[in-house]
Amino acid sequence: MSVTTAATTPVTDTNHPTAARLPGDGTGPGPGDVDNRATYISFGLAYLLGHGSAAVSKGATPLLDLPGWLPMALLGAGLAVGTVTATAAALRAQRAAAEPDDVLSGKLLGAAWVTAFAALFLAITGLTATLDLPDVQSLLWPTGSGFVVGLLYIAEGAQRRNLLHYGLGTWLALTSAAALLLGSPGLYWVLTLAGGGAYALAAILERRRLAAPTAPRTP
């Protein structure tokens, strides 16, 4: 009498929610995830050059005598480039997404960048005109832009399940708001060191995150 042994091959249900790896969950990039290094570098340079030049040229005893328009010009140029790269990253995530809900989320996040900075411009311009304090712009633009960017990063990090992006946004939002307690030029030093340093570290960690091997998420 012969005995036949049947080998059972396990079947993986790819439709099960725990079988799919989530993007940015610590196992490497996945579908719908993007490379944020260009955005981090653009905003990081804006912080280092814009806020850095303000830090060394303002206060009772400035270290350098720079034109008053230069820090804002450097900051504005860096923020403009960073906003473009961030919007492009959101659109790339949208195109790579497979689920309709993810596509819609990508569109909304991309539009949020334009809306947020338009609202910030109106708020600062309105406060300056209402209070008749033109110098307040030099305080609100640096801290306000960092706060807005931080909140947008938090939203993007939550939607993409990217812990690095979320953590960077949390740090930027808190340090930008706390910098207002120091006044000028202290707030510029905080933004330069805490903000610019955070972007530099995030760019390094982003490279490692993208190079991490992908692995299935286990239940």
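Definitions and limits used
Within any chain, residue numbers begin from 1 and follow the written order of that chain's sequence. Local features in this predicted model are restricted to residues whose pLDDT is 70 or higher, and side-chain atom pairs enter the listing and the counts only when it is 80 or higher, whereas totals over whole chains, interfaces and linings include all residues. Side-chain measures were taken over the full set of non-hydrogen atoms in the model, leaving aside hydrogen atoms and water. Numbering of helices and strands starts at the N terminus; helices are DSSP runs of H or I of at least 4 residues and strands are runs of E of at least 2. Buried, partly exposed and exposed residues are distinguished by accessible area as a fraction of the type maximum, computed with a 1.4 Å probe on protein chains only: under 20%, between the cut-offs, and over 50%, respectively. Pairs of residues are marked as contacts when any of their non-hydrogen atoms sit within 4.5 Å. Only the protein chains shown count as cover for residues, and all accessible areas are computed by the Shrake-Rupley method using a 1.4 Å probe. In these notes, a set of buried Ala, Val, Leu, Ile, Met, Phe, Trp, Tyr and Cys residues joined through side-chain atoms within 4.5 Å is what counts as a nonpolar core. Each residue carries a pLDDT value, the predictor's own confidence for that position, ranging from 0 to 100. Salt bridges are defined as contacts in which a side-chain nitrogen from Lys or Arg sits within 4 Å of a carboxyl oxygen from Asp or Glu. The length a helix should cover is 1.5 Å for every residue beyond the first. An axis is simply a line fitted to the C-alpha atoms; with a helix, the fit covers only the stretch in contact. Between two such axes, the angle follows the N-to-C directions and lies from 0 to 180 degrees. An angle counts as roughly parallel when it lies under 35 degrees, as roughly antiparallel when it exceeds 145, as roughly perpendicular when it falls between 65 and 115, and as oblique in every other case. Crossing handedness follows the turn of the near helix against the far one: under a right angle anticlockwise gives a left-handed crossing, and clockwise gives a right-handed one.

What to know about the overall build of the protein
Okay, step 1: Across its full length, the protein carries six helices and zero strands.
Okay, step 2: Reading the helices (α) and strands (β) of the protein from amino to carboxyl end gives α-α-α-α-α-α.
Okay, step 3: By the burial criterion, 39% of the 219 residues in the protein qualify as buried.
Okay, step 4: Within the protein, contacts between residues at least 6 apart in sequence are counted, and of these 73% link residues at least 24 apart.
Okay, step 5: Counting only carbon and sulfur atoms, one obtains 69% of the accessible surface of the protein, whose full area is about 12,100 Å².

Topic: the nonpolar core
Okay, step 1: Membership of the largest hydrophobic core comes to 30 residues, with the highest contact counts inside it found for Tyr40, Trp113, Val149, Tyr153, Leu168 and Tyr199.
Okay, step 2: Going through the elements one at a time, α1 (37–57), α2 (69–96), α3 (100–131), α4 (137–160), α5 (163–179) and α6 (186–211) are the ones with two or more residues in this core.
Okay, step 3: Tallying contributions element by element places α6 first for this core, with seven residues.
Okay, step 4: Setting aside residues no more than four positions away along its own chain, Tyr153 makes contact with Thr39, Tyr40, Phe43, Trp113, His165, Tyr166, Leu168, Gly169, Leu172 and Tyr199.

A word on the side chain of His51
Okay, step 1: By secondary structure assignment, the location of His51 is in helix α1.
Okay, step 2: Looking at His51, the relative accessible area reads 1%, which means it is buried.
Okay, step 3: Look past the residues within four positions of His51 in its chain and what remains in contact with it is Ala46, Leu75, Pro142, Tyr188, Leu191 and Thr192.

A closer look at the confidence of the model for the protein
Regions with low pLDDT should not have their predicted coordinates read in detail.
Okay, step 1: Taken as a whole, the protein shows an average pLDDT of 79; of its residues, 77% reach a score of 70 or greater.
Okay, step 2: The least confident element of the protein is α2, whose mean pLDDT is 79; the most confident is α5, at 95.
Okay, step 3: Counting contacts from residues 215–219, a segment whose pLDDT is below 50, to residues more than four positions away or on other chains yields ten contacts.

With respect to the environment of Ser53
Okay, step 1: You can see Ser53 is positioned in helix α1.
Okay, step 2: Judged by its relative accessible area of 8%, Ser53 falls in the buried class.
Okay, step 3: Between the C-alpha atom of Ser53 and that of Leu74, which follows or precedes it by 21 residues, the distance is 8.5 Å.
Okay, step 4: If near-sequence neighbours (up to four positions away) are discounted, Ser53 is found in contact with Leu48, Leu66, Pro71 and Leu74.

Re the pattern of salt bridges
Okay, step 1: One pass over the full model with this rule turns up three salt bridges.
Okay, step 2: One salt bridge in this structure joins Asp35 and Arg37, with 2.7 Å as the shortest N-O distance.
Okay, step 3: Look at Asp35 and you get partly exposed, because its relative accessible area is 28%.
Okay, step 4: One salt bridge connects Glu206 with Arg209, and the closest N-O pair in it is separated by 2.9 Å. Separated by three residues within a single helix, Glu206 and Arg209 lie in helix α6, roughly one turn from each other. Accessibility classification places Glu206 together with Arg209 in one group, the buried group.

Thoughts on α1
Okay, step 1: The end-to-end C-alpha separation of α1 is 29 Å, in line with the 30 Å expected for 21 residues at 1.5 Å each.
Okay, step 2: Of all 21 residues in α1, 15 are buried; the element is thus mostly enclosed.
Okay, step 3: Phi turns positive one or two residues past the end of α1, at Gly59, with a value near 105°.

Details of the packing of α1 against α6
Okay, step 1: Contact geometry of α1 with α6 gives a least axis separation of 8 Å together with a crossing angle of 160°. Taken together, the axes of α1 and α6 are roughly antiparallel relative to one another. Of the two possible hands of crossing, α1 and α6 adopt the one that is left-handed. Residue-level inspection shows Arg37, Tyr40, Ile41, Phe43, Gly44, Tyr47, Leu48, His51, Gly52, Ala54, Ala55 and Val56 of α1 in contact with α6, the latter providing Tyr188, Trp189, Leu191, Thr192, Gly195, Gly196, Tyr199, Ala202, Ala203, Glu206, Arg207 and Leu210.

Brief notes about unusual backbone geometry
Okay, step 1: The peptide bond linking Ser184 to Pro185 adopts the cis configuration, its omega dihedral lying at 5°.
Okay, step 2: In this fold, Pro185 is placed in the loop between α5 and α6.
Okay, step 3: In this structure, Asp132 is a non-glycine residue whose phi angle is positive, near 55°.
Okay, step 4: Tracing the backbone through its elements, the reader meets Asp132 in the loop between α3 and α4.
Okay, step 5: Judged by its relative accessible area of 60%, Asp132 falls in the exposed class.
Okay, step 6: Even without being glycine, Arg161 reaches a positive phi, approximately 60°.
Okay, step 7: Within the secondary structure, Arg161 sits in the loop between α4 and α5.

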